[in-house]
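So you can see what is in the structure, the chains are spelled out below.
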Amino acid sequence: MSIAYLNGQFLPIEEAKVPALDRGFLFGDGVYEVVPVYAGKLFRFKQHIERLENSLRSIRLPLEQTLQNWADICHQLIKSNRLDNATIYLQITRGAYPERNHDFPSNPTPTIFAMISPLPEIQPQPSKEDLQGISAITAEDIRWQRCDIKAITLLANCLLKQQALECGANDTILVRNGVALEATSSNLFMVRDGVIITPPLSEHLLSGVTRDFVLWLAEQHGILTEQRSVPEHELLQADEIWLTSSTKEIRPVTRLNDVIIGDGTAGPVWRQMYDHYQQLKAQLYRGEIDSNSEGEIAL
Ligand SMILES: Cc1ncc(COP(=O)(O)O)c(C=O)c1O
């Protein structure tokens, strides 16, 4: 049985109960974060908590919680559940009040919830499935105008993901005004002539911690990167397309709207980046690194 955290208490997840009047339940009024854990270490924790703090600021939900408080909760979850490779889900809502009322409560008592789930270990050598890549479709982005906030209101993302599944594809790349932005739960990259290209940060996409990491890792290895707008039609001419997230790391898209991308398998730049990613994780496992010039990698 998994041990979770709810409002100051560690308890079996089945016993973690939230009132029906919680604003997270009634309005989707909350934000979340997903942090990967490798070899018992929180990966790029500082960046995840900074983004969580940004999300909280954006929804005007004040919370007295330091980086160390968050780290203590996460480490306790790792320990209680004896999981070394995992993802930790953190969620904060504006809390429960006696009435359903759109107005913000003047003195909010947020609901803080955290749980841990096992994460299949990504291997030093890519599997057949990794090399095969996934298929995606493109669709109009029907989400709101503040996709930079990691809000728990994910109905549009779920509908768009389901649309892909019902077309026999794995995911949907979201397009606004002819410009591709990201996928339903990951950031978007393409490779053209050896250059790694990703859409620039804006209110229409999430500032992915993995996106940042991939850009940093590429620069460390002398691979050119560019942050610029990606027209939907250009994606079909890409040499490679990838989706990135904390749980997927870097996943190649080898078929888009039934068009084969590259030669239909994971491309050479993906392979280079996969190796760099796994090498860095291996160093983390061996305890050789804790941080880098860009800041904290693990805590
Ligand atoms: C919409 C969206 N974009 C991008 C990402 C990738 O973010 P990260 O790399 O921080 O996991 C996610 C992750 O959940 C997401 O939901």
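Residues numbered from 1 in each chain as written. Predicted model: local features only at pLDDT ≥ 70, side-chain atom pairs only at ≥ 80, totals over all residues. Heavy atoms only, no water.

1. What about the overall build of the protein?
Going by this rule: In DSSP terms, a helix is any run of H or I states spanning at least four residues, a strand is any run of E spanning at least two, and both are numbered starting from the N terminus. Restricting the calculation to C-alpha atoms gives the radius of gyration, and the globule rule supplies 2.2 Å times the number of residues raised to the power 0.38. Buried, partly exposed and exposed residues are distinguished by accessible area as a fraction of the type maximum, computed with a 1.4 Å probe on protein chains only: under 20%, between the cut-offs, and over 50%, respectively.
Scanning the protein from terminus to terminus reveals eight helices and 18 strands. In terms of overall size, the protein behaves like a compact globule, its C-alpha atoms giving a radius of gyration of 20 Å where 299 residues would be expected to give roughly 19 Å. In terms of its C-alpha atoms, the protein occupies a principal-axis envelope of roughly 55 × 45 × 35 Å. Counting the 299 residues in the protein, one finds 50% classified as buried.

2. As for the site of the ligand
Applicable threshold: Whether a residue is near a molecule or strand depends on its heavy atoms: if one lies within 4 Å, it is near. Definition of a polar contact: a pair of N or O atoms within 3.5 Å, with one able to donate and the other able to accept a hydrogen when the atoms are protein atoms, and with sequence-neighbouring residues admitted only if both atoms are side-chain atoms. Surface accessibility in these figures is a Shrake-Rupley result with a 1.4 Å probe; residues are shielded only by whichever protein chains are displayed. The classification used treats Ala, Val, Leu, Ile, Met, Phe, Trp, Tyr, Cys and Pro as nonpolar, Asp, Glu, Lys and Arg as charged, and all other residues, Gly among them, as polar.
By nearness alone, 17 residues border the ligand, and Arg51, Glu182, Val209, Thr210 and Ser246 come closest of all. Lys150 places a side-chain nitrogen or oxygen 2.8 Å from an oxygen atom of the ligand. When isolated, the ligand has an accessible area of 390 Å², and the protein chains bury 92% of it. Going through the elements one at a time, strand E9 (179–183), helix H6 (209–220) and strand E14 (240–245) are the ones with two or more residues in the shell around the ligand. The residue makeup of the shell around the ligand, split by class, is four nonpolar, nine polar and four charged.

3. Comments concerning helix H2 (residues 45–58)
Our working definition: To estimate the expected span of a helix, subtract one from its residue number and multiply by 1.5 Å.
Helix length check: H2 (14 residues) gives 20 Å between terminal C-alpha atoms against 20 Å at 1.5 Å per residue, within 8%. A positive backbone phi angle near 55° is found at Arg60, which sits one or two residues after H2.

4. Some thoughts on unusual backbone geometry
Among all residues except glycine, the phi angle is most often negative; among peptide bonds, the trans geometry is most common. A positive phi angle, close to 50°, is found at Arg44, a residue other than glycine. The topology assignment puts Arg44 in the loop between strand E4 (41–42) and H2. Judged by its relative accessible area of 1%, Arg44 falls in the buried class.

5. Digging into the nonpolar core
Spelled out, the test is: What makes a nonpolar core is a set of buried Ala, Val, Leu, Ile, Met, Phe, Trp, Tyr and Cys residues whose side-chain atoms join them at distances within 4.5 Å. Note on contacts: a residue pair is in contact if any heavy atoms of the two residues lie within 4.5 Å.
Ranked by internal contacts, the top residues of the largest apolar core, which has 27 residues, are Leu42, Phe45, Leu52, Trp70, Ile88 and Leu90. When residues of this core are traced back to their parent elements, those giving at least two are strand E3 (30–38), H2, helix H3 (67–81), strand E5 (86–93) and strand E6 (111–118). Ranked by the residues each element gives to this core, the list is headed by H3, at six residues. Apart from the residues lying within four places of it in its own chain, the contact partners of Leu52 are Val31, Tyr32, Glu33, Trp70, Leu90 and Ile92. Counting 24 residues, the second-largest nonpolar core is a separate cluster that includes Phe189, Leu215, Tyr277 and Ile289.

6. Section: the pairing of strand E1 (residues 3–6)
Consecutive residues of a regular strand have side chains that alternate between opposite faces of the sheet. Rule in force here: A pair of strands is labelled paired if DSSP reports no fewer than 2 bridges between them.
The sheet contact formed by E1 and strand E2 (residues 9–12) spans four bridges and is antiparallel. Paired with Tyr5 across the two strands is Phe10, which belongs to E2. In textbook terms, the turn of a hairpin is the stretch between consecutive antiparallel strands, and for E1 and E2 this stretch comprises two residues, one of which, Asn7, has a positive phi near 45°. With two bridges joining them, E1 and E6 adopt antiparallel strand pairing. Across the sheet, Leu6 pairs through a bridge with Phe113, a residue of E6.

7. Examining the pairing of strand E10 (residues 187–192)
Burial of E10 is extensive: five of the six residues sit out of reach of the surface. Examined bridge by bridge, E10 and E14 share five bridges and lie antiparallel to one another. Bridging across to E14, Asn187 finds its partner in Thr244. Pairing geometry for E10 and strand E11 (residues 195–198), over three bridges, is antiparallel. Directly across from Val191, in E11, lies its bridge partner Ile196. In this antiparallel pair of consecutive strands, E10 and E11, the connection spans two residues, and Asp193 shows a positive phi of 50°.

8. Some points on the packing of H2 against H3
Note the threshold: Axis lines are fitted through C-alpha atoms, for helices just across the contact stretch, and the angle between N-to-C directions can take any value from 0 to 180 degrees. Helix crossings get a hand from a simple test, with the near helix turned counterclockwise from the far one by less than a right angle marking a left-handed crossing and a clockwise turn marking a right-handed one.
At a minimum axis separation of 11 Å, H2 and H3 run at an interaxial angle of 115°. The element H2 and its partner H3 pack so that their crossing is right-handed. The residues of H3 that touch H2, namely those facing Phe45, Lys46, Ile49 and Leu52, are Leu67, Trp70, Ala71 and Cys74. Residue composition of the contact of H2 with H3, grouped by class: seven nonpolar, no polar and one charged.

9. Side note on the confidence of the model for the protein
To keep it simple, the criterion reads: As a per-residue measure, pLDDT reflects the predictor's confidence and takes values from 0 up to 100.
With 97% of its residues at a pLDDT of 70 or more, the protein shows a mean pLDDT of 95. Mean pLDDT across the secondary structure elements of the protein bottoms out at strand E17 (residues 291–292), with 40, and peaks at E9, with 99. Throughout residues 291–296 the model reports pLDDT below 50, and contacts reaching past four residues in sequence, or to other chains, amount to 14 contacts.

10. Quick word on helix H8 (residues 268–285)
Here H8 spans 26 Å end to end across 18 residues, near enough to the 26 Å set by a 1.5 Å rise per residue. Buried within H8 are the following residues: Val269, Trp270, Met273, Tyr274, His276, Tyr277, Gln278, Leu280, Lys281 and Leu284. Looking one or two places after H8, you find Gly287, whose phi comes out positive at around 75°.

11. Describing a nonpolar patch on the surface
Condition: Exposure above 30% relative accessible area and the lack of any salt bridge qualify a residue for a patch; like charges then connect within 9 Å, and the nonpolar side chains Val, Leu, Ile, Met, Phe, Trp and Tyr within 5 Å. Between Lys or Arg on one side and Asp or Glu on the other, a salt bridge is scored when a side-chain nitrogen of the former is within 4 Å of a carboxyl oxygen of the latter.
A contiguous nonpolar surface patch, about 330 Å² in accessible area, is contributed by Ile142, Leu155 and Leu159. Here Leu155 shows up in helix H5 (residues 155–166).

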